[in-house]
Amino acid sequence: MTTTRPPAAALKFLTQAMIYPIPFITVALWFVLADGGHSELPGGWEPIVVAVLAAGAYSYCELAGFRTQPLGPGGTPDAIEKQSWQRFSTSTLLRFAICESVFFVGIALGFVAQSYWLVLLGGVLTLALVGWEAWPSLRNQRRFAASLEAAGHPSYLLGRAQDVLGRPQDLR
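Because the structure is predicted, anything quoted here is derived from the model rather than measured. (Residues numbered from 1 in each chain as written. Predicted model: local features only at pLDDT ≥ 70, side-chain atom pairs only at ≥ 80, totals over all residues. Heavy atoms only, no water.)

1. As for helix α5 (residues 116-134)
Note that an α-helix has 3.6 residues per turn; residues three or four places apart therefore point the same way. Between its first and last C-alpha atoms α5 spans 26 Å; for 19 residues at 1.5 Å apiece the expected length is 27 Å, and the two agree. Inspection of α5 places Y116, L118, V119, G122, G123, T126, L129, V130, E133 and A134 among the buried residues, and these make up the whole buried set. In an axial view of α5, the angular spread of the buried residues amounts to 160 degrees, which keeps them on one side of the axis. At its buried positions, α5 is contacted by α1 (7-19), α2 (21-33), α3 (46-63), α4 (77-113) and α6 (138-148). (Helix = DSSP H or I, 4+ residues; strand = E, 2+ residues; numbered from the N terminus. Expected span 1.5 Å × (residues − 1). Buried < 20%, exposed > 50% of the residue type's maximum accessible area, 1.4 Å probe, protein only. Arc of directions from axis to C-beta. Contact = heavy atoms within 4.5 Å.)

Right under this line is the structure:
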């Protein structure tokens, strides 16, 4: 018998699986770019580019990353919930890719400047961005649900009333 994961658990699992390579690649590149254990801090334009790209990724995710067309009327609750989760998953993966671009640029600039610090900077900023903007947290689900429900139709992205009201912790 096969069991299916709820959409939130499946999306968290996918996002977690995509996060894991970032620290591993960062550590692996230490052996490539850190000369004898240490490399010099780059003092030029490269760290500024990584920081500005991180700021741009954050700005995009905050301003446009959670926007979507509101849901229209009609449809069964199951179909609406499925459509809402599909749209939220697509948006999450797009935000993840935008945040991850900071890491890839940090790697490329690390090779250009021959400095491991750029890879480390890109990795740290990417993990922070992904944790805040792309992780399918309740905050991000609420922001996206608000966008879906802008026309006044429920999205069921946060669950349905009968799913929530029956739990004892929600009756307090």
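From this point, the narrative continues.
2. Comments concerning the pattern of salt bridges
Overall, the coordinates contain 2 salt bridges when judged by the stated rule. Between E62 and R143 there is a salt bridge, with its nearest N and O atoms 3.1 Å apart. Placement of the pair is E62 in helix α3 and R143 in helix α6, with a sequence separation of 81 residues. Take E62: its relative accessible area is 18%, and that puts it in the buried class. Members of the salt-bridge network, linked through shared partners, are E62, R139 and R143. (Salt bridge = Lys/Arg side-chain N within 4 Å of Asp/Glu carboxyl O.)

3. Some details on the packing of aromatic side chains
Within the structure shown, the criterion is met by 4 aromatic pairs. Aromatic side chains W30 and F31 sit 5.0 Å apart centroid to centroid with 75 degrees between the ring planes, which places their arrangement in the edge-to-face category. Its relative accessible area of 33% is what places W30 among the partly exposed residues. The structure contains a cluster of three or more aromatic residues connected by ring pairs, namely W85, F88 and F144. (Phe/Tyr/Trp six-rings, centres within 6.5 Å; stacked < 30°, edge-to-face > 60°.)

4. Description of the packing of α4 against α6
At a closest axis distance of 11 Å, the pairing of α4 and α6 adopts a crossing angle of 120 degrees. When the axes of α4 and α6 are compared, the pair comes out oblique. The two elements α4 and α6 cross, and the hand of that crossing is right-handed. Along its contact with α4, which presents S84, W85, R87, F88, S91 and R95, the element α6 presents N140, Q141, F144 and L148. (Axes fitted to C-alpha atoms, helices over the stretch in contact; angles between N-to-C directions. Parallel < 35°, antiparallel > 145°, perpendicular 65-115°, else oblique. Left-handed = near helix turned anticlockwise from the far one by under 90°.)

5. Concerning the nonpolar core
Within the largest apolar cluster, 13 residues are counted, with the highest numbers of intra-cluster contacts made by V50, F96, C99, V102, L129 and V130. Mapped onto this core, the elements with two or more residues apiece are α3, α4 and α5. Setting aside residues no more than four positions away along its own chain, V102 makes contact with V50, L53, A54, A57, G122, L125, T126 and L129. F66, W85, F144 and A145 belong to the second-largest nonpolar core, a separate cluster that totals 10 residues. (Core = buried A, V, L, I, M, F, W, Y, C linked by side-chain atoms within 4.5 Å.)

6. Regarding unusual backbone geometry
Positive phi is not limited to glycine here, since Q114 has a value of about 55 degrees. Overall, the relative accessible area of 46% leaves Q114 in the partly exposed class.

7. Some words on the confidence of the model for the protein chain
Per-residue confidence for the protein chain averages 88 on the pLDDT scale, and 87% of its residues sit at or above 70. Within the model, pLDDT remains below 50 along residues 167-172, and this stretch shows 2 contacts once partners closer than five positions in the same chain are excluded. (pLDDT = per-residue confidence, 0-100.)

8. Concerning the side chain of T126
Mapping T126 onto the fold places it in helix α5. Not counting residues up to four positions away in its chain, the partners in contact with T126 are I22, C99, E100, V102 and F103.

9. Focus: α6
Restricting attention to buried positions, one finds in α6 the residues N140, Q141, F144, A145, S147 and L148. In a view along the axis of α6, the buried residues occupy a sector of 155 degrees, so they form one face of it. Of the residues in α6, the exposed ones pointing more than 90 degrees away from the buried face are R142 and A146. On the buried face of α6, the contacting elements are α1, α4 and α5.

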